[in-house]
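Below, each chain spelled out in residue letters.
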Amino acid sequence: QVQLVESGGGLVQAGGSLRLSCSASRRTFSSYAMGWFRQAPGKEREFVAGMSGGGFVLNYADSVKGRFAISRDNVFLYLQMNSLKPEDTAAYYCAAGFIAGATMRGTYWGQGTQVTVSS
């Protein structure tokens, strides 16, 4: 069973930084592509960043390129978010799944963590 638990969300001013963490087993990291998605109120869930099971970065959403960075160790998947903007406000979800073109498709999901960026 794949279990994903996110942490690290919160309230931050525009221009600030946050780091999200997602705990998963080593087997999960090696068996699945891992990534981050987000969903703002009234909008569909969208891909943010992804990483292959081998630890290679797949891609970033155009809206976060140059500001966000995905990484992992043996225990956690991370999303370092810098230069945050109010439009980054959303619930952020950790996902395990499969590569789909230049991004990924989530099969297993965490419970989500809220990120709110004030102007």
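Above this text you will find the structure in question.
In what follows, the accompanying structure is described.

What counts and what doesn't
- Residues numbered from 1 in each chain as written.
- Predicted model: local features only at pLDDT ≥ 70, side-chain atom pairs only at ≥ 80, totals over all residues.
- Heavy atoms only, no water.
- Helix = DSSP H or I, 4+ residues; strand = E, 2+ residues; numbered from the N terminus.
- Rg over C-alpha atoms; globule rule 2.2 N^0.38 Å.
- Buried < 20%, exposed > 50% of the residue type's maximum accessible area, 1.4 Å probe, protein only.
- Contact = heavy atoms within 4.5 Å.
- Areas by Shrake-Rupley, 256 points an atom, 1.4 Å probe, with all protein chains shown as cover.
- Core = buried A, V, L, I, M, F, W, Y, C linked by side-chain atoms within 4.5 Å.
- Phe/Tyr/Trp six-rings, centres within 6.5 Å; stacked < 30°, edge-to-face > 60°.
- Pairing = 2+ DSSP bridges.
- Axes fitted to C-alpha atoms, helices over the stretch in contact; angles between N-to-C directions.

1. Thoughts on the overall build of the protein
A count of helices and strands for the protein gives 1 helix and 11 strands. Ordering the α and β elements of the protein from the N terminus gives β-β-β-α-β-β-β-β-β-β-β-β. In summary, the protein has a C-alpha radius of gyration of 13 Å against a globular reference of 14 Å for 119 residues, a match within 12%. Summarising its shape, the C-alpha atoms of the protein cover approximately 40 × 25 × 25 Å along the three principal directions. Counting all 119 residues of the protein, 45% fall into the buried class. For the protein, the proportion of contacts with a sequence separation of at least 24, taken over those separated by at least 6, is 56%. Summing over all exposed atoms, the protein offers an accessible surface of approximately 6,100 Å²; the carbon and sulfur share of this is 48%.

2. Focus: the side chain of S21
By secondary structure assignment, the location of S21 is in strand β3 (residues 18-23). Residues contacting S21, with those up to four places away along its chain left out, are V5, E6, S7, W36, F76, L77 and Y78.

3. Thoughts on the nonpolar core
Counting residues in hydrophobic clusters, the biggest one holds 30 residues, and the most contacted among them are W36, L77, L79, M81 and Y92. For this core, the secondary-structure elements that each account for two or more residues are β3, β4 (33-39), β5 (46-51), β7 (68-72), β8 (76-81), β9 (90-100) and β11 (113-118). The contacts of M81, once residues within four sequence positions are left out, are G16, S17, L18, L20, R67, F68, Y92 and V115. Counting residues in each nonpolar core, the second largest holds 5 residues, with A33, F37, F47 and M104 among its members.

4. What to know about the packing of aromatic side chains
On inspection of all chains with the given rule, the structure shows 5 aromatic pairs. On the numbers, 5.6 Å between centres and 65° between planes, the contact of Y32 with F98 is edge-to-face. On the criterion of sequence distance, the pair formed by Y32 in the loop between α1 (26-31) and β4 and F98 in strand β9 is long-range, its members being 66 residues apart. Its relative accessible area of 17% is what places Y32 among the buried residues. Overall, the relative accessible area of 47% leaves F98 in the partly exposed class. Measuring from centroid to centroid gives 5.0 Å for F37 and W109, while their planes differ by 70°, and the two rings are edge-to-face. Taken as a pair, F37 in strand β4 and W109 in strand β10 (residues 103-109) lie far apart in primary sequence, 72 residues in all. Note on F37: relative accessible area 7%, which makes it buried.

5. Observations regarding the sheet that holds strand β1 (residues 5-7)
Pairing is antiparallel across the open sheet formed by 4 strands, whose spatial order is β1-β3-β8-β7. Looking at strand neighbours, the two that pair on one side only are β1 and β7, the edges of this open sheet. The sheet shows a mean angle of 15° between the axes of neighbouring strands, taken without regard to direction. Sheet topology note: the β3/β8 ladder contains 6 bridges and is antiparallel. Among the inter-strand pairings, C22 is bridged to a residue of β8, identified as L77.

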